[in-house]
Amino acid sequence: MTTMPVVEEEEPASPSARLMQKPGFDICVYAVLGYMTVIDVDLFKTELELTLVKHPRFSSLLIEKDKKRGNYSWKRTIVDIDKHVFVPDLDPDMENPDEFVENFTSGLSRKILDPTKPLWEIHILNVKTSDANSTVIFKIDHSIGDGVSLMSLVLACAAMRNSGGDLLPVIPSKKRKTNCIGDRNSTTGSKMKRLFLSVWTILLVVFYTLIDLIMLLATMLFLKDSKTPIKGERGVENSPKRFVHRILNLDDVKLVKTAMHVSINDVLMGVTEAGLSRYLDTRYATAGKQHTENGAEIKKSKNTLPRNIRLRAGIAFNLRPSPSIKDLIEVMDEKKELKGMWGNLVGLVLIPLTIALHDDPLAYIRRAKSIMDRKKLSLGPNFIFMLLKLLINLFGTKAALLVTRAVFTKTTVGFSNVVGPQEEINLYGHPLSYISPTVSGFPLALVIHFQSYGNKLIIALAADEKLIPNPHQLCDDLQNSLQDIKQTVIKRGLVVMV
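This report concerns the structure included in the present document. (Residues numbered from 1 in each chain as written. Predicted model: local features only at pLDDT ≥ 70, side-chain atom pairs only at ≥ 80, totals over all residues. Heavy atoms only, no water.)

1. Some thoughts on the overall build of the protein chain
Stated formally: Note on conventions: DSSP H or I runs of at least 4 residues are helices, E runs of at least 2 residues are strands, and numbering of each starts at the N terminus. Buried means the residue's accessible area, taken with a 1.4 Å probe over protein chains only, is under 20% of the maximum for its type, while exposed means over 50%, and partly exposed covers the values in between. Residue contacts are counted whenever heavy atoms from the two residues lie within 4.5 Å of one another. Per-residue and other accessible areas were derived by the Shrake-Rupley procedure at a 1.4 Å probe size, with only the shown protein chains allowed to occlude residues.
When helices and strands are tallied, the protein chain shows 12 helices and 17 strands. Within the protein chain, the fraction of its 498 residues that count as buried is 53%. Taking the contacts inside the protein chain whose residues are at least 6 apart along the sequence as the reference set, 80% of them involve residues at least 24 apart. About 24,300 Å² of surface is accessible on the protein chain, with carbon and sulfur atoms providing 56% of the total.

2. What about the sheet that holds strand β1 (residues 11-12)?
Using the following cut-off: Two strands pair if DSSP finds at least two bridges between them.
Here we have three strands laid out as an open sheet, ordered β1-β4-β3, and antiparallel in their pairing. In this open sheet, the two edge strands, each paired with only one partner strand, are β1 and β3 (60-66). Summarising the sheet, β3 and strand β4 (residues 71-76) pair through six bridges and their orientation is antiparallel. Pairing of Leu 61 across the sheet is with Lys 75, part of β4.

3. Details of a nonpolar patch on the surface
Note the threshold: Patch members must show over 30% relative accessible area and no salt bridge, and they are joined within 9 Å when carrying like charges or within 5 Å when they are nonpolar side chains of Val, Leu, Ile, Met, Phe, Trp or Tyr. Within this document, salt bridges are pairs made up of a side-chain nitrogen of Lys or Arg and a carboxyl oxygen of Asp or Glu, the two lying within 4 Å of each other.
A cluster of nonpolar residues, Met 192, Leu 195, Phe 196, Leu 197, Val 199, Trp 200 and Leu 203, forms a patch on the protein surface that exposes about 730 Å² of accessible area. Tracing the sequence through the fold places Phe 196 in helix α5 (residues 188-221).

4. Brief notes about the sheet that holds strand β6 (residues 120-125)
Adjacent strands of a sheet form backbone hydrogen bonds with each other and so pair up, either parallel or antiparallel. The condition is simple: Angles shown run from 0 to 180 degrees and are taken between the N-to-C directions of axes, each axis being a line fitted to C-alpha atoms and, for helices, limited to the stretch in contact.
Reading across from one edge, β5-β6-β7-β2-β15-β14 is the order of the six strands in this open sheet, with mixed pairing throughout. Each end of this open sheet is capped by a strand with a single partner; those strands are β5 (85-86) and β14 (426-427). Summarising the sheet, strand β2 (residues 28-35) and strand β15 (residues 430-440) pair through eight bridges and their orientation is antiparallel. Within β15, the residue paired with Tyr 30 across the bridge is Thr 438. Sheet strands in contact with helix α3 (residues 97-108) are β2, β6 and β7 (134-141), and its direction is about 165° off that of β6.

5. What about the nonpolar core?
The criterion, for reference: Nonpolar cores are built from buried Ala, Val, Leu, Ile, Met, Phe, Trp, Tyr and Cys residues. Side-chain atoms within 4.5 Å join them into one set.
Residues Tyr 35, Phe 44, Leu 48, Trp 120, Ile 122, Phe 138 and Tyr 428 are the most contacted members of the largest nonpolar core, which totals 85 residues. Counting 49 residues, the second-largest nonpolar core is a separate cluster that includes Leu 362, Ile 365, Cys 475 and Val 489.

6. Structural notes on the packing of α5 against helix α11 (residues 397-408)
As a reminder, the rule being used: Should an angle lie under 35 degrees it is considered roughly parallel, over 145 roughly antiparallel, and from 65 to 115 roughly perpendicular; all remaining angles are considered oblique.
Contact pair α5 / α11: the axes reach a minimum separation of 8 Å and the direction vectors enclose 95°. Classified by the angle their axes make, α5 and α11 are roughly perpendicular. Every residue of α11 that contacts α5 at Leu 216, Thr 219 and Met 220 is listed here: Val 403, Ala 406 and Val 407.

7. Some thoughts on the packing of helix α10 (residues 380-395) against α11
Selection criterion: Throughout, the ten residues Ala, Val, Leu, Ile, Met, Phe, Trp, Tyr, Cys and Pro are labelled nonpolar, Asp, Glu, Lys and Arg are labelled charged, and all others, Gly among them, are labelled polar.
Put simply, α10 and α11 touch, their axes get as near as 6 Å, and they point 145° apart. In contact with Leu 388, Leu 391, Ile 392 and Phe 395 of α10, α11 contributes Thr 397, Ala 399, Ala 400, Val 403 and Thr 404. Class assignment of the residues belonging to the contact of α10 with α11 gives a composition of seven nonpolar, two polar and no charged.

8. Overview of the packing of aromatic side chains
Threshold: Each aromatic pair joins two rings of Phe, Tyr and Trp (for Trp, the six-membered one) with centres within 6.5 Å, and gets the label stacked for planes under 30 degrees apart, edge-to-face for over 60, and tilted for any other angle.
Under the definition given, this model contains 11 aromatic pairs. Ring centres of Phe 408 and Phe 442 lie 4.8 Å apart, and the angle between their planes is 70°; this geometry places the pair in the edge-to-face category. In this pair, Phe 408 sits in helix α11 while Phe 442 sits in the loop between β15 and β16 (446-453), placing the two residues 34 residues apart along the sequence. Site record: aromatic cluster; members linked through ring pairs are Tyr 35, Phe 44, Phe 138 and Tyr 428.

9. Some words on the pairing of strand β17 (residues 456-464)
The side chains of a regular strand alternate between both faces of the sheet. Counting buried positions over the nine residues of β17 gives nine, a clear majority of the element. By the alternation rule, side chains of β17 split into Lys 456, Ile 458, Ala 460, Ala 462 and Asp 464 and Leu 457, Ile 459, Leu 461 and Ala 463, which are all buried. Relative to β17, strand β8 (residues 241-249) is paired through nine bridges, and the arrangement is antiparallel. The residue bridging Leu 248 from the neighbouring strand is Leu 457, located in β17. With eight bridges connecting them, β16 and β17 associate as antiparallel partners. Considered in β17, the bridge of Val 447 is made with Ala 462. What sits between the antiparallel neighbours β16 and β17 is a turn of two residues, in which Gly 454 has the positive phi angle 60°.

10. Examining unusual backbone geometry
Residues other than glycine seldom take positive phi values, yet Asn 308 does so here, at roughly 55°. Among the structural elements, Asn 308 can be located in the loop between β10 (296-297) and β11 (311-318). Residues other than glycine seldom take positive phi values, yet Tyr 428 does so here, at roughly 60°. Mapped onto the elements of the fold, Tyr 428 is located in the loop between β14 and β15.

Rendered as structure tokens:
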């Protein structure tokens with residue numbers, strides 16, 4: 001048992017954390033961690049007590065203060081590690097261990113977390129699968145933190161124990177563009193050019209922000225995605241979910257990124273659009289074979305996709321800058337307070353996806369870059385967060401829930417891309433093989449997560465079991481789409497192979 005000092009002072013929960021306690025939007029985050037070795041349970045628990053449990057959110061209860069307005073606060077408590085870590089007795093030589101782990105993980109989405117203790121639990125499965133020698137499943141209430149913040153916390157735990165916090169794991173960072181023209185050497189022409197570009201950028205920001213806000217308002221009121229085999233209806237958040245993952249080579253994504261001068265996020269969005277187009281084409285073709293005309297089977301054409309499918313991806317992300325690994329280590333060492341560094345400040349972006357089969361696989365990447373470049377210039381997510389915060393403060397969480405659900409129930413798929421460490425790490429006393437994040441409780445039938453780890457790219461799907469009974473086929477389509485794009489880049493000589 002870990003003894004934590006009980007602090008009487010309570011910390012108010014963020015507006016987003018309060019929203020996530022409402023029925024119909026109670027979201028849980030899952031981190032499926034594959035390890036290279038069998039888990040020593042006692043060592044694993046000890047490492048948790050020395051790191052994760054020291055984090056204030058993982059040692060706090062979420063207390064309801066005002067049921068009518070949906071007010072909650074965090075209150076520190078004593079954590080009994082044995083009530084959070086579960087180790088089922090398994091046969092290490094069982095048949096189909098991959099299927100067992102998949103079924104076990106998916107089964108967790110049917111259970112709720114115990115609100116009388118901190119809102120997280122861990123399941124250790126010491127059984128060998130095709131991707132790892134053991135699997136550990138973290139189930140965490142989304143009110144504790146978003147995916148990026150939780151990833152920073154994982155890395156802080158690894159650094160805290162492996163190097164005493166002196167050697168921090170490396171996470172890829174964005175390179176800042178430098179101005180090649182110094183201020184002193186600037187000519188009048190260059191100054192006028194920069195002024196024009198600044199004014200033009202401001203106009204674009206205003207324009208794209210207005211477009212996003214108009215589209216959001218239209219979505220809340222009437223604008224729905226087309227009905228497709230993967231479009232969920234009301235209540236889909238309560239239906240059973242199937243969690244599956246696929247491990248790819250991150251170098252393939254980097255190759256396409258370099259060849260086409262785009263970002264990794266652009267590549268992944270393009271791959272998503274291509275993979276969904278393949279998958280839906282197969283689903284429509286299969287449905288077509290089940291219908292007959294004058295007793296004869298209808299022949300499948302080359303393209304069975306309906307025209308003008310409206311299909312959008314909703315991307316919810318935290319507007320708060322993620323705390324640094326060093327800051328989180330100091331929080332767990334009780335050298336710094338958490339206030340101001342943690343909490344869900346959620347923004348929302350709607351990305352239109354073109355569902356079509358292109359002869360040129362690179363068309364998906366070019367279109368994805370065009371869309372993402374426009375979204376980067378929009379302040380829509382910031383305004384959406386301010387709107388939700390205003391609704392919560394004025395009318396309580398029910399009003400904000402109505403708006404949020406109105407948006408997500410009219411879209412089709414969720415999308416997320418989380419950057420992991422560039423090198424493999426030891427986590428909680430054991431070498432980590434892969435990280436597969438996913439969610440449950442979201443009002444969508446399909447959520448696609450991309451997670452990088454070392455030279456690996458993990459595709460993780462949370463799929464409605466009724467609407468998407470074959471999620472592994474979708475993994476195949478995403479994987480094959482990436483390979484087609486890669487091979488096209490190589491054949492056209494856009495990159496030099498060494």
